[in-house]
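# Understanding the architecture of this molecule
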Amino acid sequence: MNSTHQIYLAPFQGITTHTFIRVYSAHFPFISKYYTPFFSKIDHDTRLSSRKEHELQQLGAGLPEVVPQILSKDPAEILRFARICKSRGFHELNWNLGCPFPQVAYKKRGSGMLPYPEFIIEILDQVMKSMPLRFSIKCRLGYSNKDEILQLIPIFNQYPIHELTIHGRIGRQLYSGESDNDMLAYIKPLISIPFVHNGDIFSLEDFKTVSGKMPDNTKWMIGRGILYNPFLPEDILHERTDYNRMQKLHSFTNDLYLAYRFDMQDRLTILNVLKEYWDYLVNFFEDPQKVKRIIKKVKNFDEYEEAVKRVFELPIL
Ligand SMILES: Cc1cc2nc3c(=O)[nH]c(=O)nc-3n(C[C@H](O)[C@H](O)[C@H](O)COP(=O)(O)O)c2cc1C
């Protein structure tokens, strides 16, 4: 790899499952770190519910570096989960201070905590005293306004936080408007913790524009850009390979489908999981709406296989 840049895959509830990470990383080995969608409601000191335990075990089982994420405002719960993750072989825990969804934020969780620096200090004081693994944070510029981050940076700087990922929107925006990359470039020099940029990198051109604004930055968390175009990390890292992209994508989506059928024992809900991913992947094709229509209406595995065959006869971008 001839680049100093590191690309991390952003977490997506329902999409970046252990199955997805395993299959994606086998086909596209250009990601330095994967983050799990957030875990919450960790009620027991040593045990997880069987669903969470299964997901965590699979994520830890021989995959590339995976970082579990917790959504919580309870220091005891964060430490409980940290100990469980350590005992399952993980090296890092990520704290979600970015989730924008009202049902989360109204309860002062996720990005809803960002307007309350005193509350964050209280939690960090307790958590950092006995954190058994590396602790990183993923947040937004604020919940109600972008200046909230200016109060938080001096606080974060005081703790041995492994990495600080900041998404360039505020919570209230959800995903509307644009990631404020100028603001991210402005605050980066104020941050003494290793910084990870997150927001709106959808193409090599976007990457060039944003990295031009922060030339010394080397860590990039990318989400939708990779879901739209799984080749994006290798394009950014200049690993442009000359294989047939259509064939490669077909083989990846086929393996993903077979892996889900195996992992989820042929349950029909697999189709919903795959449709959710296809909602992003359609953007790789010249006519996304047409691909969406074809995939959306499938009701069983035979129809899915037939639909995918049709889709791969359509032109890609
Ligand atoms: C459906 C959906 C689910 C998400 N789930 C999570 C999550 O569990 N944890 C998290 O930190 N971020 C989550 N995110 C945010 C993404 O990880 C990422 O920060 C966001 O998409 C911005 O990055 P991008 O512009 O590169 O896509 C989610 C976003 C979406 C749209």
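Up top you'll find the structure we're talking about.
All of the points below concern the structure found in this document. All values derive from a computational prediction rather than experimental measurement.

We now examine the sheet that holds strand β8 (residues 219-222). Read once around its circumference, the closed barrel built from eight strands follows the order β1-β2-β3-β4-β5-β6-β7-β8, with strand pairing classed as parallel. Strand-to-strand twist across the sheet, computed as the mean angle between neighbouring axes with direction ignored, equals 30°. Here strand β1 (residues 6-9) runs beside β8; their pairing, made up of four bridges, is parallel. Counted as the bridge partner of Leu 9 is Ile 222 from β8.

With that out of the way, let us pick up the site of the ligand. Residues in close proximity to the ligand total 18 residues, the closest being Pro 11, Gln 69, Asp 200, Gly 223 and Arg 224. One nitrogen or oxygen atom from the side chain of Gln 69 is found 2.8 Å from an oxygen atom belonging to the ligand. The backbone of Asp 200 places a nitrogen or oxygen atom 2.8 Å from an oxygen atom of the ligand. When the free accessible area of the ligand is taken as 620 Å², the share hidden by the protein chains comes to 89%. Per-class residue counts for the shell around the ligand are eight nonpolar, seven polar and three charged.

One pass over the full model with this rule turns up 15 salt bridges. For Lys 213, the salt bridge is made with Asp 182, and the minimal N-O distance between the two is 2.9 Å. In this pair, Lys 213 sits in helix α8 (residues 204-213) while Asp 182 sits in helix α7 (residues 181-187), placing the two residues 31 residues apart along the sequence. The partner of Glu 306 in a salt bridge is Lys 309, with the nearest N and O atoms 3.9 Å apart. In this pair, Glu 306 and Lys 309 both sit in helix α14 (residues 301-311), three residues apart, roughly one turn of the helix. According to the relative accessible area criterion, Glu 306 is partly exposed, its value standing at 44%.

Turning our attention to the nonpolar core. Counting 109 residues, the largest nonpolar core has Trp 95, Phe 156 and Trp 278 as the members making the most contacts within it. Each of domain 1 (6-236) and domain 2 (245-311) contributes no fewer than three residues to this core. Every residue in contact with Trp 278, bar those within four places of it in the chain, is listed here: Thr 253, Phe 285, Val 291, Ile 295, Tyr 304, Val 308, Val 311 and Phe 312.

Time to look at the packing of aromatic side chains. Using the criterion set out here, one finds 23 aromatic pairs in the structure. Their ring planes at 70° and their centres at 6.2 Å tell us that Trp 278 and Phe 312 sit as a pair that is edge-to-face. On the criterion of sequence distance, the pair formed by Trp 278 in helix α12 (residues 270-281) and Phe 312 in the segment after α14 is long-range, its members being 34 residues apart. Judged by relative accessible area, Trp 278 falls into the buried class, the value being 1%. Phe 312 sits in the buried class, given a relative accessible area of 9%. Through a chain of ring-to-ring contacts, the aromatic side chains of Phe 20, Tyr 24, Phe 28, Phe 231, Tyr 243, Phe 252, Tyr 277, Trp 278, Phe 284, Phe 285 and Phe 312 assemble into a single cluster.

How each quantity is defined
Counting of residues starts from 1 at the beginning of each chain's written sequence and follows it residue by residue. Confidence filtering applies because this is a predicted model: local features only for residues at pLDDT of at least 70, side-chain atom pairs given and counted only at 80 or more, and all residues used for totals across whole chains, interfaces and linings. For side-chain calculations, the full set of non-hydrogen atoms in the structure is used, while hydrogens and water are omitted. Any two strands with at least two DSSP-identified bridges between them are counted as paired. Secondary structure elements follow DSSP: runs of H or I of four or more residues count as helices, runs of E of two or more count as strands, with numbering from the N terminus. Lines fitted to the C-alpha atoms define the axes, with helices restricted to the stretch that makes contact. Angles between their N-to-C directions range from 0 to 180 degrees. Proximity is defined per residue: if any heavy atom of the residue lies within 4 Å of a molecule or strand, that residue is considered near it. By the criterion applied in these results, polar contacts are pairs of N or O atoms within 3.5 Å in which, for protein atoms, one can donate a hydrogen and the other can accept it, and in which residues neighboring in sequence qualify only through two side-chain atoms. Methods summary: accessible areas were calculated by the Shrake-Rupley approach with a probe of 1.4 Å, and residue burial reflects only the protein chains presented. All amino acids are sorted into three groups, where Ala, Val, Leu, Ile, Met, Phe, Trp, Tyr, Cys and Pro are nonpolar, Asp, Glu, Lys and Arg are charged, and the leftover types, Gly among them, are polar. The working definition used for a salt bridge is a side-chain nitrogen of Lys or Arg within 4 Å of a carboxyl oxygen of Asp or Glu. Exposure classes here rest on a 1.4 Å probe applied to the protein chains alone. A residue is buried below 20% of its type maximum, exposed above 50%, and partly exposed in between. Among buried residues, the Ala, Val, Leu, Ile, Met, Phe, Trp, Tyr and Cys ones that are joined through side-chain atoms within 4.5 Å form a nonpolar core. Note that domain bounds follow an automatic or database assignment of domains. Whether two residues are in contact is decided by their heavy atoms, any of which lying within 4.5 Å being enough. Centre distance within 6.5 Å is the pairing criterion for rings of Phe, Tyr and Trp, where only the six-membered ring of Trp is used; planes under 30 degrees apart are then read as stacked, over 60 as edge-to-face, and the remainder as tilted.

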